[in-house]
Amino acid sequence: MAAPIAPRHVLLAYSGGLDTSVAISWIAERYGASVTTLTVDVGQQGELEGALARAKRNGAREARFVDAKAAFAQEFVWPAVTANALYQGAYPLSTALARPLIARTLVEVARQVGADAVAHGCTGKGNDQVRFDVAIQTLAPELAIIAPVREWNMNREDEIRYAKDHSLEIRVTPKTPYSIDENLWGRSIEGGILEDPDRPAPEEVFDWTGRSDSWPASPEEVVVTFERGVPVALDGRRMDPVPLVREMNQRAGANGVGRIDHVEDRVVGIKSRETYECPGAVALIEAHRALESLVLPRDLLSFKSLIDRRFGEVVYEGMWFSPLREALQAFLERTQEVVSGDVTLRLFQGNAKATRRRSPYSLLAPELATYAASSTFRQDAAVGFIHLYGLANERAYGRGKESRERTSPSKGRTKRAARAILPASP
Ligand code: ARG
């Protein structure tokens, strides 16, 4: 199945970091191929122009750049919001959601520049290689895939030495042992002492959420307006998706919202301790959930939670370009037709909590729910309802137990007396 690897022209997904900088020259040397780099902007901070110039100086024949922020928000992040997507109940899938988009862009640009192979800087232990490889294989089975870091067996020191030996220009960052991946939807931090799940994440790994002793002493409120399941305004100001998520990251982040510290099950069968900062994602998902609880009926909410979970797993597992993801998303879209309205969030000391919600599609009927005398709810009807509702259990429960507990004679005797008095049958 693997294409014979004798590529002439390789398109390398290039972040500007150490791995992918070294990869430019390593691929050229190992395969005798020319290397074009592609940097995809999915909202990562950091100096992108500098990175492009360095790619050329480090031997790339061309350094391409694609701004994919808007596509990322619209096509990947917004569907994840409709799914309240949190892998294993915790991780908003920030890295996972960007991979299929980067892979798709790689394929498009590979075709434009006539590359016969694509390359990425993923290791052989993570999910990202799976996501890239599966996506590329699905969209362009004719392209060979090279993953230098998976092949070359160099550690960080080796890479720095290699760069020196080949007079590569690298930006030697203040020695951080962490592997960081960043985009509009969040920041993933791995490695170093974080690998030990029994040690707390040190403050220094956090960036978007400041320092915990700098979080404001009083809460901040923000009103999120949704239309058909996606956020369209903050505090009444209509905004495009990218600036909206950015602003949410900033405001929620300043209050410490979105720090995630959990043990995660990777696709490749290992558990690992993962640390994230996803302030905007955590806040917007909280708001979205609060609105859904107001406008969706109970049975749909219950069933949708299964779809939500599966959607998150499909994304995590690298199956974006699959019929299953498309079908789940179609279901989600249908559910979102009434998910419009305003939710007020209170951001405070690491938490984002919904404190108000309203919608023209609200299913909450005050005249039914109120405890005031004006209620139109027929409390007398509850008695008959409960009688039938509990009927099956009344007959079925404890049958196996009965024989076991026959020795204790008082059990099961009080049942009849516990039932509310029904009006006489006609
Ligand atoms: N565990 C996360 C995921 O699988 C984050 C991966 C982060 N990648 C990185 N290069 N640090 O989506």
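Here's a quick rundown of the structure. Keep in mind that what you see is a predicted model, and the values were worked out from it rather than measured. (Residues numbered from 1 in each chain as written. Predicted model: local features only at pLDDT ≥ 70, side-chain atom pairs only at ≥ 80, totals over all residues. Heavy atoms only, no water.)

### A closer look at the packing of aromatic side chains
Put simply, the rule is: Here is the rule: rings of Phe, Tyr and Trp (six-membered ring for Trp) pair when centre to centre is within 6.5 Å. Planes less than 30 degrees apart are stacked, more than 60 are edge-to-face, and the remainder are tilted. Working definition: helices are DSSP H or I runs of at least four residues, strands are E runs of at least two. Numbering for both runs from the N terminus. Exposed residues in this analysis have more than 50% of their type's maximum accessible area, buried residues have under 20%, and partly exposed residues fall in between, with area computed by a 1.4 Å probe over protein chains only.
Under the defined criterion, the tally for this structure stands at nine aromatic pairs. Look at Y87 and Y316: their rings are 3.6 Å apart centre to centre, the planes differ by 5 degrees, and that puts the pair in the stacked class. Pair noted here: Y87 is in the loop between α3 (69-82) and α4 (94-113) and Y316 is in helix α10 (residues 298-316), with a separation of 229 residues, a long-range link. By relative accessible area, which is 8% here, Y87 ends up buried. With a centroid separation of 5.0 Å and an interplanar angle of 25 degrees, the aromatic rings of F385 and Y389 are classed as stacked.

### Details of the sheet that holds strand β3 (residues 62-67)
Filter applied, for reference: Paired strands are those between which DSSP finds at least two bridges. Axis definition: a line fit to C-alpha positions, over the contact stretch in the case of helices; interaxial angles, taken between N-to-C directions, run 0 to 180 degrees.
Read from one edge of the open sheet, five strands run β3-β2-β1-β4-β5, paired in parallel fashion. Lying at the two open borders of the sheet, with one neighbouring strand each, are β3 and β5 (144-146). With strand direction ignored, the average angle separating the axes of adjacent strands in the sheet is 25 degrees. Judged from the three bridges that link them, strand β4 (residues 117-119) and β5 form a sheet pairing that is parallel. Paired with V118 across the two strands is I145, which belongs to β5.

### Notes on the side chain of K304
Keep this limit in mind: Any N or O atom pair separated by 3.5 Å or less is treated as a polar contact, with the protein-specific requirement of one donor-capable and one acceptor-capable atom, and with residues adjacent in sequence counted only for side-chain atom pairs. Contact criterion: two residues are considered in contact whenever any of their non-hydrogen atoms come within 4.5 Å of each other.
Its place among the elements puts K304 in helix α10. By relative accessible area, K304 is classed as buried at 0%. At 2.7 Å, the side chain of K304 forms a polar contact with the backbone oxygen of T82. If sequence neighbours within four positions are ignored, K304 has contacts with T82, A83, N84, H288, E292, L296, F331, L332, T335 and Q336.

### What to know about the pairing of strand β8 (residues 220-227)
Summarising the sheet, β8 and strand β13 (residues 341-348) pair through seven bridges and their orientation is antiparallel. Within β13, the position partnered with E221 by the bridge is R346. Here β8 folds back onto strand β9 (residues 230-234) in antiparallel fashion, the turn holding two residues, of which R228 has a positive phi close to 45 degrees.

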